[in-house]
Amino acid sequence: MLSQFSREGDKPTLADLSFDFSKDVYPVGRLDADSEGLLLLTNDSFLNNRLLNPKFRHQRTYFVQVDGQITDTACEELQKGVKISIDGKPHQTLPAKVMMLVNEPPFPPRNPPIRVRQNIPTSWIALTLHEGKNRQVRRMTAAVGFPTLRLVRWAIEDIKLESLQPAEVVEVEKAWLFKKLRIKS
């Protein structure tokens, strides 16, 4: 599903969700068509600015399935920050938090499924960033030799995906949201 309300071709969009959104609601941040997970929708311009303006550096945690058995060395490189290319220009990413996941997260099967290579294992990491460049996670894992196969945004600050299912919408109170996002209104 595209993380927008407007149509682009035949791909499903937020407009296809079974929820009555007011006309002024928009997604805060985006997930590309190949990514999954937590997405906040709001009509609060203050909140939008706090989450999208790079100077506020809010945390986003992704669970990332990579091609191959990721190494301690690759995780250390990700933690220090790696050089990636954004719009053809070199960019040094900020240090990130990285944790190897022992067990595969209990997400529903991806549709379409990821590619599986019979003789190549996969592994999962939790990657927490404070910046949000276009396709940054995918570029970072590729830079350390472990291309991303599946990418799920697990958390934005203290709001976690938990048991929320694909296309499920939960309406929350502003006070709860701001507390979880560590924002003083």
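In this convention, every chain numbers its residues from 1, walking through the sequence in written order. At least 70 in pLDDT is required for a residue's local features to be given in this predicted model, at least 80 for side-chain atom pairs to be given and counted, and no such filter applies to totals for whole chains, interfaces and linings, which use all residues. Water and hydrogen atoms were dropped before computing side-chain values, which therefore reflect all heavy atoms in the structure.

## Re the overall build of the protein
Working step 1: By the criteria applied, helices consist of DSSP H or I runs no shorter than four residues and strands consist of E runs no shorter than two, each listed in order from the N terminus. For the protein, the count of helices and strands is four helices and 10 strands.
Working step 2: Starting at the N terminus and ending at the C terminus, the protein contains elements arranged as β-β-β-α-β-α-β-β-β-β-α-β-β-α.
Working step 3: For 185 residues, the compact-globule formula gives about 16 Å, and the C-alpha radius of gyration of the protein, at 17 Å, lands near that figure.
Working step 4: Principal axes of the C-alpha set define a box for the protein whose edges measure 45 × 35 × 35 Å.
Working step 5: Throughout, exposure labels follow a simple rule: accessible area from a 1.4 Å probe, protein chains only, divided by the maximum for the residue type, with under 20% read as buried, over 50% as exposed, and the rest as partly exposed. The burial tally for the protein puts 43% of its 185 residues in the buried class.
Working step 6: It only takes one pair of heavy atoms within 4.5 Å for two residues to be counted as in contact. Summarising the internal contacts of the protein: among those between residues at least 6 apart in sequence, 66% fall at separations of at least 24.
Working step 7: On the protein, roughly 11,300 Å² of surface is accessible, and the fraction owed to carbon and sulfur atoms is 50%.
Working step 8: When charges are counted, Lys and Arg are positive and Asp and Glu negative, with His and the chain ends excluded. Note that the charge is assigned to NZ on lysines, CZ on arginines, CG on aspartates and CD on glutamates. Across the protein, the 27 positively charged side chains and the 22 negatively charged ones have centroids separated by 6 Å. Taken over C-alpha atoms, the radius of gyration is set against a globule rule of 2.2 Å times the number of residues to the power 0.38. For every accessible area listed, the method is Shrake-Rupley and the probe measures 1.4 Å; residues are considered covered only by the protein chains on display.

## Re a nonpolar patch on the surface
Working step 1: Patches in this entry comprise residues that are over 30% relatively accessible and not in a salt bridge; like charges within 9 Å are linked, as are nonpolar side chains (Val, Leu, Ile, Met, Phe, Trp, Tyr) within 5 Å. Take a side-chain nitrogen of Lys or Arg and a carboxyl oxygen of Asp or Glu: if they are within 4 Å of each other, that pair is a salt bridge. A contiguous nonpolar surface patch, about 260 Å² in accessible area, is contributed by V170, V172 and W176.
Working step 2: The residue V170 is located in the loop between β10 (159-160) and α4 (174-180) in this model.

## A short note on the environment of R30
Working step 1: Mapped onto the secondary structure, R30 falls in the loop between β1 (26-28) and β2 (35-37).
Working step 2: Once the C-alpha coordinates of R30 and N49 are considered, the two residues, 19 residues apart in sequence, prove to be 14 Å apart.
Working step 3: For R30, the contacting residues outside a window of four places in its chain are S3, Q4 and R153.
Working step 4: Here Q4 takes part through its side chain, which lies 2.6 Å from a polar atom of the side chain of R30. Throughout this description, a polar contact denotes any pair of N or O atoms lying within 3.5 Å of each other; where both atoms belong to protein, one of them has to be capable of donating a hydrogen while the other can accept it, and for residues adjacent in sequence the pair is counted only when both atoms sit in side chains.

## As for the packing of aromatic side chains
How two aromatic rings sit relative to each other is given by the distance of their centres and the angle of their planes.
Working step 1: We call Phe, Tyr and Trp rings a pair once their centres come within 6.5 Å, taking the six-membered ring for Trp, and we label the pair stacked below 30 degrees between planes, edge-to-face above 60, and tilted otherwise. The final tally for this structure, using the stated rule, is seven aromatic pairs.
Working step 2: Measuring from centroid to centroid gives 5.3 Å for F5 and F21, while their planes differ by 75°, and the two rings are edge-to-face. Of this pair, F5 sits in the segment before β1 while F21 is found in the segment before β1, placing the two residues 16 residues apart along the sequence.
Working step 3: By relative accessible area, F21 is classed as buried at 17%.
Working step 4: For the ring pair F107 and W124, a centre distance of 6.0 Å and an interplane angle of 50° mean the geometry is tilted. Placement of F107 in the loop between β7 (97-101) and β8 (122-129) and of W124 in strand β8 is noted, with a sequence separation of 17 residues between them.

## A word on helix α1 (residues 45-52)
Working step 1: All of the buried residues in α1 are L47, N48 and L51. Along the axis of α1, the buried residues cluster in a sector spanning 100°; they form a single face.
Working step 2: For α1, the secondary structure elements touched by its buried residues are β1, β3 (40-42) and α4.
Working step 3: Put simply, D44 is the residue that caps the front of α1, since its side-chain oxygen is 2.9 Å from the backbone nitrogen of F46. Summarising the geometry, the arc corresponds to the directions from the helix axis toward the C-beta atoms.

In short, shape yes, function no, at least from these values alone.
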